[in-house]
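# Results of the structural survey
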Amino acid sequence: MKKSLAVVSIAAMTMAATFAQGATETTKAAPDKMAVEQVMLNDKTPMGDLEIFSWWAGDEGPALEALIKDFEKTYPEVNLTNATVTGGSGVNAKAVLKTRMLNNDPPESFQVHAGQELIGTWVTSNRMLDLTPLFKEEGWMDVFPQDVVDLISTDTGIWSVPVDVHKSNVMWYIPENLKKWGVTVPTTLDEFFATAQKLKAQGITPLSMGQTWTAIENWENVALATLGPDDYTALWHGELAWTDPKVEMVWKNFGKLLEYTNKDASSLSWQQATDMVVAGQAAFNWMGDWAAGYMMTTLKLTPETGFGWANTPGTNGAFQFLADSFGIPKGCSNPDAAIAWLKECGSKSGQDTFNPLKGSISARTDTDLSGYSAYSKSAAKDFAQDKIVGSLQHGVVAPEAFMNDFSPVIEQFMSDRNTKTAVAACAELAESDGLVK
Ligand code: GAL
């Protein structure tokens, strides 16, 4: 078991308690029509309408579509609607979901990140069904890593089914282009800045960036590189002060990084930022490994020859983790079909259909990696041996309130590069949004 991630989850629960107070004040939980256990006991053949909700639309869709096909083979009597709201990292989907949940109009099942995004939001406001009986029946306690289960659990239940494990500290490039430009793959932040300088002199954008959430992901990469995994985790536990000079250094390094990014970042999707690398307009892109899925599945590039990868500079030995999962909201109108969907999500066949296309690895420990790409094989190796830390942008480490408030801080910093203001703002948010115990 990887200790560091387990520790993240304990902090997550503490923070959840704080957030819960706010959430329950403003929301009224939908009635719990039926407990999962009861639905399983009834053992009805799943049929009728099933709406699943996610942000895996368009270019992000193929892995989910394959999973749905696999589901339909087993459950032909279910009429599945694949409801998606486009926008990387769920920037738009999460807002739509919130409205639906608050209006007691939930889908049967929805995509949610393991960690704070699930626990601090939907579980603390008492809106999810407890899936413990399903985990027991399916034998999932033995096949999902304990530290992943911890992230989707509280003392009172297990709240979602992980469908993948993604890594967010990956740097992508085209090997042939680096050769042409006379640079090699940098492994530290200093090396990266020196390489970036050489590329800039040749008129090449060193690092392609997209809209704000991708900047936040790059900030978390810089934070991991600057602080190292232990202090990075300490920051989310309220054990390292945001005013600490080490954290100030994170902002300084992030400011330096911004010097090497494209001017039109705020108008680009993450796919468009990846496209800049593929088209030879930029040398590197730092992005979670859904970028591998996009390059392999949509752009048909071959890992190693068509595109290369490395840890984001300064983060070797660390795996910045996130996992997508699906849960069942209370008030769901077709729990039999919803449970069938979760069975598919957690199954070996489902995971090994979905993940090779998605660029992620299976969340299960009994996966046969032979059907996975060279990239995914390397990610699986990293996951087994590296120090695991949680992603900020992708819902693992911080309560939603902090996430929402962090976005304008990053945007402000991107326009004024004022380290002191950013440090002071975050120190205040850490208090008000429940990061500090
Ligand atoms: C993440 C999600 C990934 C991928 C990415 C880009 O938050 O976990 O599966 O969809 O956003 O949209």
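The shown structure was predicted, so the numbers you read here are calculated from the model rather than taken from an experiment. (Residues numbered from 1 in each chain as written. Predicted model: local features only at pLDDT ≥ 70, side-chain atom pairs only at ≥ 80, totals over all residues. Heavy atoms only, no water.)

So, about the overall build of the chain. Secondary structure assignment for the chain yields 19 helices and 14 strands. The C-alpha radius of gyration of the chain comes to 21 Å, within 12% of the 22 Å expected for a compact globule of 437 residues. Principal-axis analysis of the C-alpha atoms places the extent of the chain at approximately 70 × 45 × 35 Å. The burial tally for the chain puts 62% of its 437 residues in the buried class. Across the chain, contacts joining residues at least 24 apart in sequence account for 80% of those joining residues at least 6 apart. (Helix = DSSP H or I, 4+ residues; strand = E, 2+ residues; numbered from the N terminus. Rg over C-alpha atoms; globule rule 2.2 N^0.38 Å. Buried < 20%, exposed > 50% of the residue type's maximum accessible area, 1.4 Å probe, protein only. Contact = heavy atoms within 4.5 Å.)

Before going further, it helps to examine the nonpolar core. Ranked by internal contacts, the top residues of the largest apolar core, which has 142 residues, are Trp 219, Trp 236, Trp 242, Trp 251, Phe 254, Trp 341 and Leu 392. Considering every element that reaches this core, the biggest residue donor is helix α11 (residues 212–236), with 13 residues. Two domains each put at least three residues into this core: domain 1 (48–166 + 322–390) and domain 2 (177–321 + 395–432). (Core = buried A, V, L, I, M, F, W, Y, C linked by side-chain atoms within 4.5 Å. Domains from an automatic or database assignment.)

In the neighbourhood of the ligand, 13 residues make up the surrounding shell, with Glu 60, His 113, Asp 324, Lys 358 and His 394 lying closest. His 394 places a polar side-chain atom, nitrogen or oxygen, 2.7 Å from an oxygen atom of the ligand. (Near = heavy atom within 4 Å. Polar contact = N/O pair within 3.5 Å; in protein donor to acceptor, adjacent residues only side chain to side chain.)

Turning our eyes to something else, we now look at the environment of Leu 199. Among the structural elements, Leu 199 can be located in helix α10 (residues 189–201). For the pair Leu 199 and Asp 366, spaced 167 residues apart in sequence, the C-alpha to C-alpha distance is 43 Å. For Leu 199, the residues in contact, after removing those within four places along its chain, are Trp 181, Val 183, Ile 204, Pro 206, Ala 283 and Phe 284.

Picture a little ball the size of a water molecule; that probe, rolled over the atoms, points out where space is still empty. Summed over all chains, the structure comprises 5 cavities of 30 Å³ or more. Estimates place the volume of the largest cavity at around 130 Å³. In this structure, the largest cavity is lined by 13 residues; those nearest its centre are Lys 94, Leu 97, Val 112, Glu 117 and Trp 122. Where the lining of the largest cavity is concerned, the elements lending two or more residues are α4 (93–102), β3 (109–113) and α5 (116–123). In terms of residue count, α4 provides more of the lining of the largest cavity than any other element does, 4 residues in total. Along the lines of polarity and charge, the residues of the lining of the largest cavity split into 7 nonpolar, 2 polar and 4 charged. (1 Å grid on protein atoms, 1.4 Å probe; cavity = no way out; pocket = protein on both sides within 12 Å on 5 of 7 lines; lining within 4 Å. Points joined across faces, edges and corners; volume = space filled by probe spheres on them. Nonpolar A, V, L, I, M, F, W, Y, C, P; charged D, E, K, R; others polar.)

Let us look at the confidence of the model for the chain. Residues of the chain with pLDDT of at least 70 account for 92%, and the chain-wide mean is 92. Segment residues 1–29 is flagged for pLDDT under 50; beyond a separation of four residues in sequence, or across chains, it makes 61 contacts in the model. (pLDDT = per-residue confidence, 0-100.)

Estimated volume of the largest pocket: approximately 330 Å³. Contributing to the lining of the largest pocket are 19 residues, with Val 91, Lys 94, Gln 393, Met 403 and Asn 404 lying nearest its centre. Of all elements in the fold, only α4, α5, α11 and α18 (400–416) reach the threshold of two or more residues within the lining of the largest pocket. Per-element accounting of the lining of the largest pocket gives the leading share, 4 residues, to α18. Grouping the amino acids of the lining of the largest pocket by side-chain chemistry returns 7 nonpolar, 8 polar and 4 charged. Structurally, the lining of the largest pocket is a two-domain feature, drawing no fewer than three residues from each of domain 1 (48–166 + 322–390) and domain 2 (177–321 + 395–432).

Unusually for a residue other than glycine, Asn 126 sits at a positive phi of about 60 degrees. Its place among the elements puts Asn 126 in the loop between α5 and α6 (132–138). The phi dihedral of Arg 417 is positive, around 50 degrees, even though this residue is not glycine. Tracing the backbone through its elements, the reader meets Arg 417 in the loop between α18 and α19 (419–432).

A few words now on the packing of α11 against α18. Two elements in contact, α11 and α18, have axes whose closest approach is 11 Å; the angle formed by their N-to-C orientations is 110 degrees. The pairing of α11 with α18 is recorded here as roughly perpendicular in orientation. Contact with α11, carried on its side by Thr 212, Ala 215, Ile 216, Trp 219 and Trp 236, involves Phe 402, Phe 406, Ser 407, Ile 410, Glu 411 and Met 414 of α18 and no other residues of that element. Grouping the constituent residues of the contact of α11 with α18 by class yields 8 nonpolar, 2 polar and 1 charged. (Axes fitted to C-alpha atoms, helices over the stretch in contact; angles between N-to-C directions. Parallel < 35°, antiparallel > 145°, perpendicular 65-115°, else oblique.)

Turning our attention to the domain arrangement of the chain. Domain assignment breaks the chain into domain 1 (48–166 + 322–390) and domain 2 (177–321 + 395–432). For domain 1 versus domain 2, the distance between C-alpha centres works out to 26 Å. Domain 1 puts 36 residues into the contact, and the matching count from domain 2 is 31 residues. Overall, the association of domain 1 and domain 2 removes approximately 3,000 Å² of surface from exposure, summing both partners, and the carbon and sulfur fraction of that is 62%. Seen at the junction of domain 1 and domain 2, the total is 2 salt bridges. In this structure, the salt-bridge partner of Asp 230 is Lys 387, at a minimum N-O distance of 2.9 Å. Taken together, domain 1 and domain 2 are joined by 16 residue pairs in polar contact (both at pLDDT 80 or more). For the side of domain 1 that touches domain 2, the elements supplying multiple residues, two or more each, are α5, α8 (146–151), α16 (348–358), α17 (374–385) and β14 (387–390). Considering each element in turn, the side of domain 1 that touches domain 2 owes the most residues, 6 residues, to α17. Residue composition of the side of domain 1 that touches domain 2, by class: 16 nonpolar, 12 polar and 8 charged. (Buried area = accessible area lost by both parts, 1.4 Å probe. Salt bridge = Lys/Arg side-chain N within 4 Å of Asp/Glu carboxyl O.)

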